[in-house]
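# Notes for the structure review
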Amino acid sequence: MPFTHEECLAYGKSVRNWPAFEDSADALQYLKKYYKLVILSNIDNDGFTASQAKLHVEFDAIITAEDVGSYKPSPRNFEYMLDKLGARGIREEKILHTAESLFHDHKPANAFGLASCWIYRRHSQTGFGATMNPGGQPTVNFRFNSMAELAKARQEALLQK
């Protein structure tokens with residue numbers, strides 16, 4: 001079924017109304033105490049501004065598809081991010097690319113040699129949801145079912161020291 005141009009615009013603008021995952025704000029606020037947080041997003045600047053307001057955390061860098069002029073999984077998005085972070089003195093080996101989409105995030109992160117943390121929110125479902133099949137399982141260094149699990153693992157690691 002074809003969509004009208006107006007319907008496509010309305011859908012794009014609806015992103016700012018989408019809720020954040022309920023565990024994301026608390027987890028990001030906790031992780032911010034220990035790490036620099038960088039967003040590499042497939043939405044525009046206005047859409048991300050609305051999303052950030054729901055997360056209640058200040059990111060150290062925000063890179064949107066609007067900034068880059070392309071969408072992930074394009075290598076341009078990762079090249080742009082690495083250039084920006086490199087200019088801030090952040091080396092690639094210090095980056096842990098954390099995301100859900102194997103297609104949009106982990107496969108290209110692998111191509112750039114980045115460590116990867118998969119937030120596997122669809123762990124109890126089959127298929128890839130709104131994302132495409134990556135055509136093979138990318139390498140992931142860590143896997144958690146939520147951002148809350150990632151934050152909890154960080155807490156437990158601190159207790160073991």
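Residues numbered from 1 in each chain as written. Predicted model: local features only at pLDDT ≥ 70, side-chain atom pairs only at ≥ 80, totals over all residues. Heavy atoms only, no water.

## What to know about the nonpolar core
Core analysis: the biggest nonpolar cluster contains 16 residues, and Leu-28, Phe-59, Met-147 and Leu-150 have the highest contact counts within it. Of all the secondary structure elements, the ones that give two or more residues to this core are α2 (24-32), α3 (45-55), β4 (115-119) and α7 (147-160). Considering every element that reaches this core, the biggest residue donor is α2, with 4 residues. In contact with Met-147, other than residues within four places in its own chain, are Asp-23, Ser-24, Ala-27, Leu-28, Leu-31, Thr-98, Ile-119 and Arg-121. (Core = buried A, V, L, I, M, F, W, Y, C linked by side-chain atoms within 4.5 Å. Buried < 20%, exposed > 50% of the residue type's maximum accessible area, 1.4 Å probe, protein only. Helix = DSSP H or I, 4+ residues; strand = E, 2+ residues; numbered from the N terminus. Contact = heavy atoms within 4.5 Å.)

## Observations regarding the environment of Ile-63
Within the secondary structure, Ile-63 is located in strand β2 (residues 61-64). Separated by 67 residues in the primary sequence, Ile-63 and Ala-130 have C-alpha atoms spaced 22 Å apart. Leaving out residues up to four positions away in the same chain, Ile-63 has contacts with Val-38, Ile-39, Leu-40, Ser-41, Val-68, Tyr-80, Met-81 and Lys-84.

## Focus on the side chain of Lys-72
Looking at the secondary structure, you find Lys-72 in the loop between α4 (65-68) and α5 (75-87). Residue classification places Lys-72 among the buried positions, given a relative accessible area of 9%. Engagement of the side chain of Lys-72 in a polar contact is seen with the backbone oxygen of Leu-40, the distance being 2.7 Å. Contact partners of Lys-72, with chain neighbours within four places excluded, come to Leu-40, Ser-41, Asn-42, Asn-77, Phe-78, His-104 and Asp-105. (Polar contact = N/O pair within 3.5 Å; in protein donor to acceptor, adjacent residues only side chain to side chain.)

## Some remarks on α7
Along its 14 residues, α7 runs 20 Å from first to last C-alpha, staying within 8% of the 20 Å computed at 1.5 Å per residue. Among the residues making up α7, those that are buried are Met-147, Leu-150, Ala-151 and Arg-154. With its buried residues spanning 95° around the axis, α7 presents them on a single face. Along α7, the residues that are exposed and aim more than 90 degrees away from the buried face are Leu-159 and Gln-160. In this fold, the buried residues of α7 make contact with α2, β3 (96-99), β4 and β5 (142-144). (Expected span 1.5 Å × (residues − 1). Arc of directions from axis to C-beta.)

## Considerations on the sheet that holds β4
Sheet strands pair via backbone hydrogen bonds, and the direction of the pair is either parallel or antiparallel. The sheet built from 3 strands is open, its strands ordered β3-β4-β5 with parallel pairing. Edge positions in the open sheet fall to β3 and β5, since each of these has one partner strand only. In this sheet, adjacent strand axes meet at a mean angle of 15° when their direction is disregarded. In the sheet, β3 pairs with β4 via 4 bridges, with the strands oriented parallel. Residue pairing across strands places Leu-96 opposite Ala-115, the latter belonging to β4. Its contacts with the sheet place helix α6 (residues 102-111) against β3 and β4, and it is angled at close to 165° to β4. (Pairing = 2+ DSSP bridges. Axes fitted to C-alpha atoms, helices over the stretch in contact; angles between N-to-C directions.)

## Some points on α6
Three or four residues apart is the spacing at which side chains of an α-helix point the same way, because the helix has 3.6 residues per turn. With 7 of 10 residues buried, α6 lies mostly within the body of the structure. Along α6, the residues that are buried comprise Leu-102, Phe-103, His-104, Asp-105, His-106, Pro-108 and Ala-109. Buried residues belonging to α6 abut α5, β3 and β4. Measuring from the backbone nitrogen of Phe-103 back to the side-chain oxygen at the start of α6 gives 3.4 Å, which picks out Ser-101 as the cap. Just beyond α6, the residue with positive phi is Gly-113, at close to 75°.

## A few points about the packing of aromatic side chains
Within the structure shown, the criterion is met by 5 aromatic pairs. Just above the ring of Phe-21 sits the side chain of Arg-121; from NZ or CZ to the centre is 3.8 Å. Taking NZ or CZ as reference, Arg-143 lies 6.0 Å from the ring centre of Trp-118, over its face. (Phe/Tyr/Trp six-rings, centres within 6.5 Å; stacked < 30°, edge-to-face > 60°. Lys NZ or Arg CZ within 6 Å of the ring centre and 35° of its normal.)

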